[in-house]
Amino acid sequence: MERLASGAVPADLLLLVGVLGNLAAEDLTRIADAVGALATAGGTVVWTHGGGPDGRSAVVRRELARAGGVETSYRWLDHGDRPTVGVVRLGADPHPFVPGERFFTMLR
């Protein structure tokens, strides 16, 4: 994400799919804060996590709410290896995108 072209953001739809389970805990806060530079005010963020309703999914929900996201949908598919899926709408105005800013480091 650090190589995004400045014309690509802010976006109306931001997908954080297949990412959050591969981040260090401190990066969850950083990426939640970055959502305000990546998505428009009123934009939609769809996120997934492979865990159940407790643990990291709870942290993701809390951090996105703290960063101005209003949860519109949340679903834990409690069978097999199905992910937790959440949708938030951003209520705050976006803050400026800073090219070259690092949002997270992939662990795997």
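Our subject is the structure that appears above.
Quick caveat: nothing in here was measured; it's all calculated off a predicted structure. (Residues numbered from 1 in each chain as written. Predicted model: local features only at pLDDT ≥ 70, side-chain atom pairs only at ≥ 80, totals over all residues. Heavy atoms only, no water.)

1. Focus: the pattern of salt bridges
Counted only if it meets this: Definition used for salt bridges: Asp or Glu carboxyl oxygen within 4 Å of a side-chain nitrogen of Lys or Arg. Helix and strand definitions here come from DSSP, where helices need a minimum of 4 consecutive H or I residues and strands a minimum of 2 consecutive E residues; each element is numbered from the N-terminal end.
Under the defined criterion, the tally for this structure stands at five salt bridges. Here Glu63 makes a salt bridge to Arg66, at a shortest N to O gap of 2.7 Å. Remark: Arg66 and Glu63 occur in helix α2 (residues 56-66); sequence separation between them is three residues, near one turn of the helix. Residues joined by salt bridges that share partners form a network here, namely Asp33, Arg62, Glu63 and Arg66.

2. Quick word on the environment of Leu38
The test is simple: For the exposure calls, accessible area comes from a 1.4 Å probe over protein chains only, and a residue counts as buried if that area is under 20% of its type's maximum, exposed if over 50%, partly exposed in between.
Tracing the backbone through its elements, the reader meets Leu38 in helix α1 (residues 25-38). Relative accessible area serves as the criterion here: at 1%, Leu38 is assigned to the buried category. Residues Leu38 and Val98, spaced 60 residues apart in sequence, show a C-alpha to C-alpha distance of 9.9 Å.

3. Topic: the packing of aromatic side chains
Test applied: Under the pairing criterion, centres of Phe, Tyr and Trp rings, with the six-membered ring standing for Trp, must be within 6.5 Å; the plane angle then separates stacked pairs below 30 degrees from edge-to-face pairs above 60, leaving the rest tilted. Criterion for a charge above a ring: Arg CZ or Lys NZ at most 6 Å from the ring centre, at most 35 degrees from the ring normal.
As enumerated under the stated definition, the model contains one aromatic pair in all. Measuring from centroid to centroid gives 6.3 Å for Trp47 and Tyr74, while their planes differ by 35 degrees, and the two rings are tilted. Linking Trp47 in strand β2 (residues 39-49) with Tyr74 in strand β3 (residues 69-76), this pair joins segments that are 27 residues apart in sequence. Of the residues examined, Trp47 reaches a relative accessible area of 0% and is grouped as buried. When the ring centre of Tyr74 is taken as origin, the NZ or CZ atom of Arg61, which lies over that ring, is 3.4 Å away.

4. Some details on the pairing of β2
Stated formally: At least two DSSP bridges between two strands are required for those strands to pair. By convention, a crossover is right-handed whenever its connection, traced from the first strand over the helix to the second and viewed with the strands pointing away, goes clockwise.
Extensive coverage of β2 is indicated by the burial of nine of its eleven residues. Examined bridge by bridge, strand β1 (residues 11-16) and β2 share five bridges and lie parallel to one another. Each residue of the ladder has a partner; that of Leu15, found in β2, is Val46. At this point the chain moves from β1, through α1, to the parallel β2, and the crossover so formed is right-handed. Here six bridges tie β2 to strand β4 (residues 84-90), and the two strands are oriented antiparallel to one another.

5. With respect to α2
Heads up, the condition is: Along the arc lie the directions from the helix axis toward the C-beta atoms. Only heavy atoms matter for contacts: two residues are in contact if any of them lie within 4.5 Å across the pair.
Within the sequence span of α2, burial applies to Ser57, Val60, Glu63 and Leu64. When α2 is viewed along its axis, its buried side chains cluster within an angular range of 130 degrees and face the same direction. Buried residues along α2 sit against α1, β2, β3 and β4. Directly after α2, the chain includes Gly68, whose backbone phi takes a positive value near 105 degrees.

6. Quick word on the sheet that holds β1
Across a sheet, paired strands are connected by hydrogen bonds in the backbone, their directions being either parallel or antiparallel. Rules: Under this scheme, a helix contributes an axis fitted over its contacting stretch, all axes are lines through C-alpha atoms, and angles between N-to-C directions fall in the 0 to 180 degree range.
Strand order in the open sheet formed by four strands is β1-β2-β4-β3, and the pairing between neighbours is mixed. Each edge of the open sheet is held by one strand with a lone partner, namely β1 and β3. Between one strand axis and the next, the sheet turns through 15 degrees on average, direction left out of account. Sheet topology places β3 next to β4; seven bridges connect them, and they run antiparallel. Paired with Gly69 across the two strands is Leu90, which belongs to β4. Across the sheet, α1 lies against β1, β2 and β4, angled at about 140 degrees from β2, the strand it touches most. Seen against the sheet, α2 touches β2, β3 and β4 and runs at an angle of roughly 175 degrees to β2.

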